[in-house]
Amino acid sequence: MAATSHPQVITDVEALRAYPALEALLAWKPEAVQSAKLDRGELSVYIDRSYIREACSVIKAKFNFLADVTCADFHPTEPRFHLAYHLLSHELKQRVRLKVAVAGDDPVVESVFPVWPSANFFERELYDLLGIRFLGHPNLRRILMPEDWEGHPLRKDYPVEGYR
Amino acid sequence: MGHMNYVASAEFTPDKTMILNMGPQHPSTHGVLRLLLEIDGERVVRMVPDIGFLHTGIEKTCEAKFYQQVVPLTDRIDYLCPMINNLTYCLAVEKLLQLEIPAKAQWTRVMLSELTRIASHLVWLGTHALDMGAMTAFLYCFREREEILRIFENVAGQRMMTSYFRIGGLALEPPLDFYDRVRKFATIFPERVDEYEGLLTSNPIWKERTIGVAHLSADDGIALGVTGPSLRGSGVDFDLRRDMPYTGYENFKFNVPVRTEGDVYARYLVRVAELRESIGIVKQALDSLPEGPVKADAPKVVLPDREKMKTQMEALIYHFKIVTEGFAVPAGEVYQAVESPRGEMGYYVVSDGTAKPLRVHMRSPSYANLQALEKMCIGKLLADVVAAIGSIDIVLGEIDR
């Protein structure tokens, strides 16, 4: 393809150590960082599921703003759900994406609501549309779909036209 | 969405307070927002926003479409700034494809984005003033918005659902008189902003209704995910156009208006100042408009010109391939954020290497900004709730998606 080149991907944690987000996480707890990836200029760091809330509160010193929490469903591969926490630093003018992989039979993650109250709606949306449960969320109810809705529409095994 | 329930699910004290249902058909909720208000006399004790009435499952629909077919869906998310939504999605997919966009397309994108921002701010200003009883400003604002919509119709063939930005550039070369019309508008617009300001800025009733009302501190704003003019009204000097530039914004000079008061009046002043900055950017884009193509040189992604299709075999083949089977996007994930009139509009696009996106998530600014509404209104007067809703400039289309 003429104007498209294959994007360069760096997955070596040592080579990416200079990035402030990764540096802070490695200085805090190296075993929490599962892997890191620089793809198309965006840094993604996979965090062990049990450490995500602590990792957020550690990294909050530099990356002060939680822009978004979202998730992609990679059904039928496992781990099925890949959550993405998009953090922004107003001071460094940088972004980092923290990722957590969660298996389909146990879609439970600790809520980051105690760290950023803005996670409230984002996590409720994920619970509503993808069925991910957040431990420690104060009000984990459906937000977009009706309260008596069955199923989680954004899951890949939920048909686009719904059940009829 | 709790529209099945008539009262909030949490308990309340019936002898002292009452539950008041505001919306979803209330004109001051700017769409179909429903608020459950627990009030003690005139004071708001508790507020529960209820959303989802406009939920149409756009994110799910995107997963069943080819990459280029998603563009018209993005218009319908935030119907007040369609071009900026087109832009964000296109930038995200272009980042996945690592496409280089020609300078003329980038400049035109900037110009149209800023016109969209003006149109959106005009709707905000008109309806916000109308909510507070100032009818005249509404008529003035819609006069200029109409002119912008005519420009959109001229360039894209549609007034509101433009879909003019496509993956790889623009849909078409702009028509011959387009740049002249934009220049004419850019010359008259600054005096029109003076007219709006003459009606409101030092109007004692307006000031009485807005100064010190619905206060939001910078720390609360950041903690609750507030972005855009609502956060800049609280003293956080951050604008994605300047601080993390995209689509060539680094080539333009503009100020980022910031106020530290954090009340409705501060947010009003920030947005009105943004109107002036935006028209300045439009003028710069007109003056420094580069020559060249408006589409990237990527035949497998960008539809060929009609002329070429009639004369060249390859062009016809590429056209057939793109329309029938789309184009494959290399696997990966990107998050692209732009400064929409309401704040950080972000698109998270995940590709698995096929012609359809695995996941398109829209991080809409109104969705996050709505969380701050409770903070602004608790303990304040019921009448100020209307001012607070207007001041965060929500669009329910992008909240519910």
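Residues numbered from 1 in each chain as written. Chains lettered and ligands numbered in written order. Predicted model: local features only at pLDDT ≥ 70, side-chain atom pairs only at ≥ 80, totals over all residues. Heavy atoms only, no water.

Trainee: Before we go on, may I ask you to explain the interface of chain A and chain B in this structure?
Mentor: Quite often, the size of an interface is put as the accessible area lost when its parts meet. Listed per partner, the contact involves 54 residues of chain A and 57 residues of chain B. A combined buried area of about 4700 Å² lies between chain A and chain B, and 59% of that area is made up of carbon and sulfur atoms. For the salt bridge of Arg97(A) with Glu333(B), the shortest nitrogen-to-oxygen distance reads 3.5 Å. At the junction of chain A with chain B, the criterion picks out 24 residue pairs in polar contact (both at pLDDT 80 or more). Mapped onto the side of chain A that touches chain B, the elements with two or more residues apiece are strand 2 (33–39), strand 3 (42–47), strand 4 (65–73), strand 5 (81–89), strand 6 (94–102) and helix 3 (119–130) of chain A. Element by element, the count of residues in the side of chain A that touches chain B is highest for strand 4 of chain A, at eight residues. (Contact = heavy atoms within 4.5 Å. Buried area = accessible area lost by both parts, 1.4 Å probe. Salt bridge = Lys/Arg side-chain N within 4 Å of Asp/Glu carboxyl O. Polar contact = N/O pair within 3.5 Å; in protein donor to acceptor, adjacent residues only side chain to side chain. Helix = DSSP H or I, 4+ residues; strand = E, 2+ residues; numbered from the N terminus.)

Trainee: Explanation requested: the packing of aromatic side chains in the structure shown.
Mentor: Each aromatic ring pair is specified by the distance between its two centres and by the angle formed by the two planes. Residues and elements named next belong to chain B. What the rule picks out here adds up to 17 aromatic pairs over all chains. One aromatic cluster in this structure is built from Trp107, Tyr246, Tyr249, Phe252 and Phe254. A cation over a ring is seen here: Arg143 above Tyr140, with NZ or CZ 4.9 Å from the ring centre. In this arrangement the basic side chain of Arg401 is found over the ring face of Tyr367, its NZ or CZ atom lying 5.1 Å from the centre. (Phe/Tyr/Trp six-rings, centres within 6.5 Å; stacked < 30°, edge-to-face > 60°. Lys NZ or Arg CZ within 6 Å of the ring centre and 35° of its normal.)

Trainee: Looking at this structure, I do not really get the nonpolar core. What am I missing?
Mentor: As a rule of thumb, nonpolar side chains are buried together in soluble globular proteins. With 177 residues, the main nonpolar core has Leu83(A), Tyr85(A), Leu98(A), Ile51(B) and Ile167(B) as its most contacted residues. If one sorts the elements of this core by residue count, helix 4 (residues 103–131) of chain B sits on top with twelve residues. The residues contacting Ile167(B), other than those within four sequence positions of it, are Tyr67(B), Gln68(B), Tyr89(B), Cys90(B), Val93(B), Glu94(B), Leu97(B), Leu99(B), Val301(B), Val302(B) and Phe327(B). (Core = buried A, V, L, I, M, F, W, Y, C linked by side-chain atoms within 4.5 Å. Buried < 20%, exposed > 50% of the residue type's maximum accessible area, 1.4 Å probe, protein only.)

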